[in-house]
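Notes for the structure review
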Amino acid sequence: MADDCALDTEKYSLLEDFNVDVEVEKQEFETFSLCFWVYLLDSTTYPSTIIRQVHSDMSFSAPFLVLDENKRMILLPLTLLHKEAPDPVNTASWTEVPNVSTTAEFPLQKWVHVGCEVSRNYMRLYICGEIAGEKILTSVMTNVTRNSDNARRRVSLFSVGGDGYSVQGFIHRAEVLPSTVHVNHHYTKDPPLSLSVEKPSTCEIDEDGVWSIVGEKESCGMIFSLDVVLSNAIGQPVRKDVQVVASLLYANSGTPVEKTSDLEAPLLVSYDGVEFSAEDKPCNLLNGCASLKLKISQHYSKCDKRLFCIKFEIPNKGSYPFLEAVTNQMRCISRTGGDYVTPKRLNHPLVEGGGVPSSNGASESSLSMKRIKLGEEKIPESEFDDGNGMSMEWRPQNHDDEEEEEEEDQSSTDSENTEVRGSAGSRKYTISDSMIFRYCLGNLTERSLLLKEITNNSGDVQVAEFADQVSLYSGCSHHGNQIKMARKLIAEGTNAWILISRNYQHVHWDNVAIEIEEHFMRIAKCSSRSLTHQDFELLRRISGCYDYITQENFEKMWCWLFPVATAISSRGLINGMWRSCSPKWIEGFVTKEEAEHSLQSQEPGTFILRFPTSRSWPHPDAGSLVVTYVGRDFVIRHRLLAVDHICDSSERYTDAKPLQDMLLAEPELSRLGRIVRSI
């Protein structure tokens, strides 16, 4: 994580202002690397020249870095060094000369690191620290010319916004590195920042990608929570002293929804139960994250069923699109109104979007497909969710007589009652319909607190019934899995921290790692495979700690690790793949960015299995497996594997094919990839 400081926007400049000079001394020159981060706007057209080259002997500039008609980035030879350089006058030669190009489309609206390494005899193109390609070239310099002319020669590399200003965007940290500095050093040092928003777990996604925000009552506004994350371009959350402001927009025009007459503001934000106008109440980012409880006012949520979107931005920082985040289109639906429609479900045995078949052939759950183009997120997936730093200690709920009477009055029509375990055997605890709705509409923190209350005051049968009701109302059976594991997760997490901390508030990470591994191997029921150094580093990042870990850090990590270990132990197909060392079907704990980088320049059908690091308990997808693969069009995609219906019983598992065979039977999956980590 970056250090705490204010956001510095002076590091970002317009692409059209880019201009650097490279001095080439004929006798001593070996190589140079031009490195920069670039953010291209969606107004970019193709083909276009991003960077041009010129020197004193040229009357016209020539292209150096271009985007072709297929949206691929191409690096061309340098006119001052290479015989194969393009003719500045003959534009047709630009596509005929030897070059280095990417295989996939260059993404827009996303920070991408570009490295151009140029030598006398070769050139290399790097994308996000990985080599996209290289080409052997012929030097124009001979021994005679080197000895006869030892003067310095200078080539200018510049951008004018493309051909006719067709390329527009921003650039960050453009530098010319000497031969002693590797491109990866520039890639990992001070990457640019971007703002993103997490899809709310309480919403449904229609086939057209619209988020359906479901409210409990038509008489109330639509209340939901969104997580906003400020992270750098390599997926790490950053600690910056900044605020974000939310505003409601009309989806069709992108114009703000204005307050009319004396009605309340269109978008409200809640703090400690008090509602404020979202535009008047900025929210502070804590460790790069903020969870906002929002409400679309009643008048606007019923406004001709129009589609909205919510825009988050950092105020007083200028117009930088990467410091803004806009949600998908949203529609407001009331459960008690006539416009609520159960989302359509698809029947697919493996990939996300395929429901789990029930005994009567119906589908029990449906999840949305996440798609990404070379890292370009269509549905943002923050790599480190906020809101999981909750206390896992059980504290009995103290109710006075008035509260008990009020509880009984409010739940008189509820049909689900449970008895409290322990000495207060005659006292009853009610799981009301409103609690089911609160869970379905709440964020991760609200759900975890509700589950602690329920599991502390209810028996296993009542918890299972609550899980079934939530699965029914939410349309997702995965919610039930998280609810049913709550009691064990809380109890084992509390005991583990007591054992690890020994009443100390801060414990050195090296001492914690050994205990974490023992607990993981025991819960996962796999003693043949231990955790690697890379696994521990990812766990440390998820926890948000440095050399010392606190209880809050431990609980963040535990809420991610426990569902993963449980999935490995309870699902025979996954357990077998985790145990497998040759081939290594699951290469430990892998981030989305590591998977994407490893699959760049790979053939279609290459895939990697990983546990999503952004899904922590009680998120319905916590502990699930994701397959990241290269599509036929060289687009990198992510899909959630739906294997519950295969692995939920030993009888079905006995009759099932190995999961690896089922994966390879998928038409878009053909071979297992390997994780390549930067040194």
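Structure: above.
The written sequence of each chain sets the order in which its residues are numbered from 1. In view of the model being predicted, local features appear only for residues whose pLDDT reaches at least 70, and side-chain atom pairs are presented and counted only at 80 or more, with totals across whole chains, interfaces and linings using the full set of residues. Where side-chain values are given, they derive from all heavy atoms of the structure, hydrogens and water being excluded.

1. As for the overall build of the chain
Only DSSP runs of H or I with at least four residues qualify as helices, and only runs of E with at least two residues qualify as strands; both kinds are numbered from the N terminus onward. When its secondary structure is counted, the chain shows 17 helices and 34 strands. Between buried and exposed lies partly exposed: a residue is buried under 20% and exposed over 50% of the maximum accessible area for its type, with that area taken using a 1.4 Å probe on protein chains only. Sorting the 679 residues of the chain into buried and exposed places 56% on the buried side. Of the contacts formed within the chain by residues at least 6 apart in sequence, a portion of 70% connects residues at least 24 apart. For the area figures, the Shrake-Rupley method with a 1.4 Å probe applies, and any residue is considered shielded solely by the protein chains shown. For the chain, the exposed surface amounts to about 30300 Å²; the carbon and sulfur share of it is 46%. Contacts are residue-level and defined by heavy atoms, with any inter-residue pair within 4.5 Å sufficient.

2. Digging into helix 14 (residues 592–599)
Counting buried residues in helix 14 gives 8 out of 8 residues, a clear majority hidden from the surface. Every buried residue belonging to helix 14 is among Lys592, Glu593, Glu594, Ala595, Glu596, His597, Ser598 and Leu599, and all of these are buried. One or two steps after helix 14, the chain reaches Ser601, where phi turns positive at roughly 70 degrees.

3. Concerning the pairing of strand 31 (residues 606–610)
In terms of burial, strand 31 is a largely internal element, 5 of the 5 residues being buried. Along strand 31, one buried face is formed by Thr606, Ile608 and Arg610 and the opposite face, lined by Phe607 and Leu609, is buried too. Strand pairing requires that DSSP identify at least two bridges connecting the strands. Here strand 31 pairs with strand 32 (residues 626–630) via 4 bridges, running antiparallel. Paired with Ile608 across the strands is Thr628, a residue of strand 32.

4. A short note on the sheet that holds strand 12 (residues 169–177)
Read across the open sheet, the 6 strands follow the order 1-12-3-8-9-10; overall the sheet is antiparallel. The open sheet has two edge strands, strand 1 (12–14) and strand 10 (130–136), and neither has a second partner. Ignoring which end each strand starts from, the neighbouring axes of this sheet average 25 degrees apart. Pairing geometry for strand 1 and strand 12, over 3 bridges, is antiparallel. Directly across from Leu14, in strand 12, lies its bridge partner Phe170. All axes here are fitted lines through C-alpha atoms, helices being fitted over the stretch that makes contact, and every angle between N-to-C directions spans 0 to 180 degrees.

5. Here we look at the pairing of strand 9 (residues 122–127)
Counting buried positions along strand 9 yields 5 of 6 residues, so the element is predominantly enclosed. In terms of strand pairing, strand 8 (residues 111–119) meets strand 9 through 5 bridges, oriented antiparallel. Along strand 9, the bridge assignment pairs Glu117 with Arg124. Counting the residues that bridge the hairpin from strand 8 to strand 9 gives 2 residues. Turn length for the strand 9-strand 10 hairpin, with the two strands adjacent in sequence and antiparallel, is 2 residues, and the turn residue Cys128 shows positive phi of about 55 degrees.

6. Looking at the pattern of salt bridges
When a carboxyl oxygen of Asp or Glu lies within 4 Å of a side-chain nitrogen of Lys or Arg, that pair is called a salt bridge. The final tally for this structure, using the stated rule, is 16 salt bridges. Taking the shortest distance from any N to any O, the salt bridge between Glu175 and Arg173 comes out at 2.8 Å. Owing to a relative accessible area of 16%, Arg173 belongs among the buried residues under this scheme. In this structure, the salt-bridge partner of Arg487 is Asp460, at a minimum N-O distance of 2.8 Å. Note that Arg487 is positioned in helix 9 (residues 486–501) and Asp460 in helix 7 (residues 460–474), a separation of 27 residues in sequence. Salt bridges sharing partners connect three or more residues here, namely Asp21, Glu23 and Arg154.

7. Observations regarding unusual backbone geometry
Cis geometry marks the peptide bond from Ser582 to Pro583, where omega comes out at 0 degrees. Mapped onto the fold, Pro583 is located in the loop between helix 13 (572–579) and helix 14. In this structure, the amide linkage connecting Trp617 to the following residue, Pro618, adopts the cis form with an omega of 5 degrees. Mapped onto the secondary structure, Pro618 falls in the loop between strand 31 and strand 32. One non-glycine residue, Asp190, lies in positive phi territory at about 50 degrees.

8. Let's talk about the packing of helix 6 (residues 444–457) against helix 9
The geometry of helix 6 relative to helix 9 is characterised by a closest axis approach of 10 Å and an angle of 95 degrees between their N-to-C directions. Considering their axes alone, helix 6 and helix 9 lie roughly perpendicular with respect to each other. The residues of helix 9 that touch helix 6, namely those facing Leu451, Lys452 and Thr455, are Ala486, Arg487 and Ile490. Its residues placed into classes, the contact of helix 6 with helix 9 shows 3 nonpolar, 1 polar and 2 charged. Each angle is binned into one of four classes, with values under 35 degrees roughly parallel, values over 145 roughly antiparallel, values of 65 to 115 roughly perpendicular, and all other values oblique. Ten residue types, Ala, Val, Leu, Ile, Met, Phe, Trp, Tyr, Cys and Pro, are classed as nonpolar, four, Asp, Glu, Lys and Arg, as charged, and the remainder, Gly among them, as polar.

9. So, the packing of aromatic side chains
Paired rings are identified among Phe, Tyr and Trp, the last through its six-membered ring, by centres lying within 6.5 Å, and are further divided according to the angle between planes into stacked (under 30 degrees), edge-to-face (over 60) and tilted (the rest). The full count for this structure, using the stated rule, is 23 aromatic pairs. Between Tyr12 and Phe322, the ring centres sit 4.9 Å apart and the planes meet at 45 degrees, which makes this aromatic pair tilted. With Tyr12 in strand 1 and Phe322 in the loop between strand 22 (308–313) and strand 23 (324–326), this residue pair connects regions lying 310 residues apart in the sequence. Using a relative accessible area of 1% as the deciding quantity, one classes Phe322 as buried. Both rings, one in Phe520 and one in Trp578, keep their centres 5.8 Å apart while their planes meet at 70 degrees; by these two values the pair is edge-to-face. Of this pair, Phe520 sits in helix 10 (residues 509–524) while Trp578 sits in helix 13; the two residues are 58 residues apart in sequence, bridging distant segments of the chain. Both residues of the pair, Phe520 and Trp578, count as buried. The rule for a charge over a ring is simple: NZ of Lys or CZ of Arg within 6 Å of the ring centre, and within 35 degrees of the ring normal. Over the ring of Phe276 we find Lys281, and its NZ or CZ is 4.9 Å from the ring centre.

10. Brief notes about the environment of Tyr473
With respect to the helices and strands, the residue Tyr473 is situated in helix 7. For the pair Tyr473 and Cys440, spaced 33 residues apart in the sequence, the C-alpha separation amounts to 7.6 Å.

11. Description of helix 9
Multiplying one less than the number of residues by 1.5 Å gives the expected span of a helix. Along its 16 residues, helix 9 runs 22 Å from first to last C-alpha, staying within 8% of the 22 Å computed at 1.5 Å per residue. For helix 9, the complete set of buried residues consists of Ala486, Arg487, Leu489, Ile490, Glu492, Gly493, Thr494, Ala496, Trp497, Ile500 and Ser501. Of the residues flanking the end of helix 9, it is Arg502, one or two places downstream, whose phi is positive at about 50 degrees.

12. Brief notes about the environment of Asn252
Checked against the element boundaries, Asn252 lands in the loop between strand 17 (243–250) and strand 18 (267–271). With a relative accessible area of 64%, Asn252 lands in the exposed category. Spatially, the C-alpha atoms of Asn252 and Phe308 are 8.0 Å apart, while their sequence positions differ by 56 residues.

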